[in-house]
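So the chains spell out like this:
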Amino acid sequence: MSTIHWTEGHTHHSARWHSENGSAPPRRVVVVDDRTKADEAYRRARQGTGLLWQGDFHNARHLLRAMGRRIDRKRPSANTSQKESFDLHRRAGAHRARVLGRLLVLLDDGYTVALRRAPDVRHACLEAYGPPKGPMVISLRELLGVIGAHQWRLRGIDVPALGTRIHPHYGVFAPVRGEYVDLVAHTPLPPVTRCSPAGSAAFDLGTGTGVLAAVLARRGIGRVVATDISPRALACAKENAHRLALADRIEVSGPCLFPEDHADLIVCNPPWLPSRPTSPIEQGVYDADSAMLRGFLTGLSAHLRPGGEGWLILSDLAEHLGLRTRGQLLTAIQAAHLRVVDKIDTKPRHPRSRDATDPLHAARSAEITSLWRLTTTDR
């Protein structure tokens, strides 16, 4: 356990350091408040100094935004390849997170924030961190993420394919992009499943919030097993299954990729970009060395019932960014003794695909999300 040390007046203080993305604690911490100018805060944070805020909470948020504007002044060059643009984008994002992550707040025992105009964050922190274990210091940026996640969990996210809302938990990737959900909702079920959906079984691998498991259950599949390697995702999927009155048909299992069983339909929506995640929430987007994709492909045949299908939902954004080729994907499918029965495509509808100021706009605007219907080569 790492500890943060600082001096206020002539008194020495310390508290436990916590960072969800695994950031090391700053070696030096100074106390700052409403008198601290943004240029000074930015300079110190760039040098690696932690800035423990002791002023007004809303002023801390203003300072964080002002520091962010100073970071964003340096725009990457437009004369780069898509792969270079992606690498620059990732490095810039990591630098931004590192610098802004040095504006710190103290959570007292019980998750209270003893700052002027600070919100009550106790419930949000309890959801994110579990029972308190004494005072701890976290970045303001992380705390704002915890607060935002709590609001999402309360309100939920509308999922038209379900006609209701899904409630994500902190650290669980939220279904804000509806195209992949719609693909699972509207692709014809495999013939073996279509004949008797109530007697069929399906797996939803890497379930996250459980949204795809819920879609499959709503389509009439009698038994759906939802798996994930994240304890937070498993708890989230289980809660959503209960909210939707589907707990009798959705079994949440894990931590694992495949359950110990066989199914007529196995669905997997792995992270789309083969790059290393830098935080738990990024695990929904980045998959180092395509580990989950490869795990799905290599394990599919052993878990499919005769006549069954595997549905791989995958964006081609990695191809446009030069991170993976179509040939590499097809080779991996073939090496796993699978064949493609069909491929259903859809265009993205999210705002970033239309944002010309996005450094990755060329790749995002050309992106296609596909549902690959796979079966074994001996069927």
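Scroll up to find the structure.
Residues numbered from 1 in each chain as written. Predicted model: local features only at pLDDT ≥ 70, side-chain atom pairs only at ≥ 80, totals over all residues. Heavy atoms only, no water.

Asker: What is the right way to read unusual backbone geometry from this model?
Answerer: Across the chain, the bulk of peptide bonds are trans and the bulk of non-glycine residues have phi less than zero. Here Gly254 and Pro255 are connected by a cis peptide whose omega angle stands at 5 degrees. On the secondary structure map, Pro255 appears in the loop between β11 (250–253) and β12 (263–268). For Asp289, which is not glycine, the phi torsion reads 60 degrees and is therefore positive. Looking at the element boundaries, Asp289 is found in the loop between β12 and α10 (291–303). For Ser290, which is not glycine, the phi dihedral falls at a positive 55 degrees. The exposure class assigned to Ser290 is buried, which follows from its relative accessible area of 11%. (Helix = DSSP H or I, 4+ residues; strand = E, 2+ residues; numbered from the N terminus. Buried < 20%, exposed > 50% of the residue type's maximum accessible area, 1.4 Å probe, protein only.)

Asker: Just checking my understanding: could you explain the packing of helix α2 (residues 57–72) against helix α3 (residues 82–100) for this structure?
Answerer: Think of two packed helices as two axes; the pair is described by the angle between the axes and how far apart they sit. Their axes nearest at 10 Å, the elements α2 and α3 cross at an angle of 145 degrees. Once α2 is placed against α3, the crossing between them reads as right-handed. For the pair α2 and α3, contact is made by Leu64, Met67, Gly68, Ile71 and Asp72 and by His95, Arg96, Val99 and Leu100, respectively. Of the residues assigned to the contact of α2 with α3, the class counts are five nonpolar, two polar and two charged. (Axes fitted to C-alpha atoms, helices over the stretch in contact; angles between N-to-C directions. Left-handed = near helix turned anticlockwise from the far one by under 90°. Contact = heavy atoms within 4.5 Å. Nonpolar A, V, L, I, M, F, W, Y, C, P; charged D, E, K, R; others polar.)

Asker: Explanation requested: α3 in the structure shown.
Answerer: Since the α-helix turns once every 3.6 residues, residues separated by three or four places project in the same direction. For α3, which comprises 19 residues, the first-to-last C-alpha distance of 26 Å matches the rise-based estimate of 27 Å (1.5 Å per residue) to within 8%. When we look at burial in α3, the residues that qualify are Ser85, Phe86, Arg90, Val99 and Leu100. Along its buried surface, α3 packs onto α1 (38–46), α2, β5 (103–107) and α5 (140–155). (Expected span 1.5 Å × (residues − 1).)

Asker: It is not clear to me how the environment of Arg44 should be interpreted in this structure. Could you clarify?
Answerer: Mapped onto the elements of the fold, Arg44 is located in helix α1. Taking relative accessible area as the criterion, Arg44 reaches 22% and is therefore assigned partly exposed. Here Arg44 is in contact with Val30, Val32, Thr49 and Leu51, once residues within four sequence places are set aside.

Asker: Honestly, the packing of aromatic side chains in this entry has me stumped. Any pointers?
Answerer: Two aromatic rings, taken as a pair, are described by how far apart their centres are and by the angle between their planes. This model, assessed by the stated rule, comprises four aromatic pairs. One aromatic cluster in this structure is built from Tyr111, Tyr129 and Tyr170. The cationic tip of Arg90 hangs over the ring face of Tyr286; the distance from NZ or CZ to the ring centre is 3.7 Å. A cation sits over an aromatic face here: Lys343 above Trp372, 5.5 Å from the ring centre. (Phe/Tyr/Trp six-rings, centres within 6.5 Å; stacked < 30°, edge-to-face > 60°. Lys NZ or Arg CZ within 6 Å of the ring centre and 35° of its normal.)

Asker: I'm lost on a positive patch on the surface in this one. Help?
Answerer: Taken together, the side chains of Arg61, Arg65, Arg69 and Arg73 make up a positively charged region of the molecular surface. Along the chain, the position of Arg69 falls in helix α2. For Arg69, a relative accessible area of 52% puts it in the exposed group. (Patch = residues over 30% accessible without salt bridge, like charges linked within 9 Å, V, L, I, M, F, W, Y side chains within 5 Å. Areas by Shrake-Rupley, 256 points an atom, 1.4 Å probe, with all protein chains shown as cover. Salt bridge = Lys/Arg side-chain N within 4 Å of Asp/Glu carboxyl O. Lys, Arg positive; Asp, Glu negative; His and termini not counted. Charge placed at Lys NZ, Arg CZ, Asp CG, Glu CD.)

Asker: I would appreciate a short explanation of the packing of helix α4 (residues 122–129) against α5 in the present structure.
Answerer: In the contact formed by α4 and α5, the axes pass within 9 Å of each other and the chain directions differ by 95 degrees. Classified by the angle their axes make, α4 and α5 are roughly perpendicular. Contact residues: α4 offers His123, Ala124, Cys125, Glu127, Ala128 and Tyr129, while α5 offers Glu142, Leu143, Val146, Ile147, His150 and Arg153. In terms of residue class, the contact of α4 with α5 is made up of seven nonpolar, two polar and three charged. (Parallel < 35°, antiparallel > 145°, perpendicular 65-115°, else oblique.)

Asker: Would you mind going over the pairing of strand β10 (residues 223–227) with me for this structure?
Answerer: Each regular strand displays side chains that alternate between the two surfaces of the sheet. Judged by how many residues are buried, β10 sits mostly within the fold: four of five residues are covered. Direction of pairing for strand β9 (residues 201–205) relative to β10: parallel, over a ladder of five bridges. Note on β10: the bridge partner recorded for Asp204 is Ala226. After leaving β9, the chain enters helix α8 (residues 211–218) and then returns to the sheet as β10, a path that is right-handed. Of the strand pairs in this sheet, β10 and β11 are connected by four bridges, and their pairing is parallel. In the sheet register, Val224 faces β11, and the bridge partner there is Ile250. Read from β10 through helix α9 (residues 231–243) to β11, the crossover connection turns out right-handed. (Pairing = 2+ DSSP bridges. Right-handed = clockwise from strand over helix to strand, strands pointing away.)

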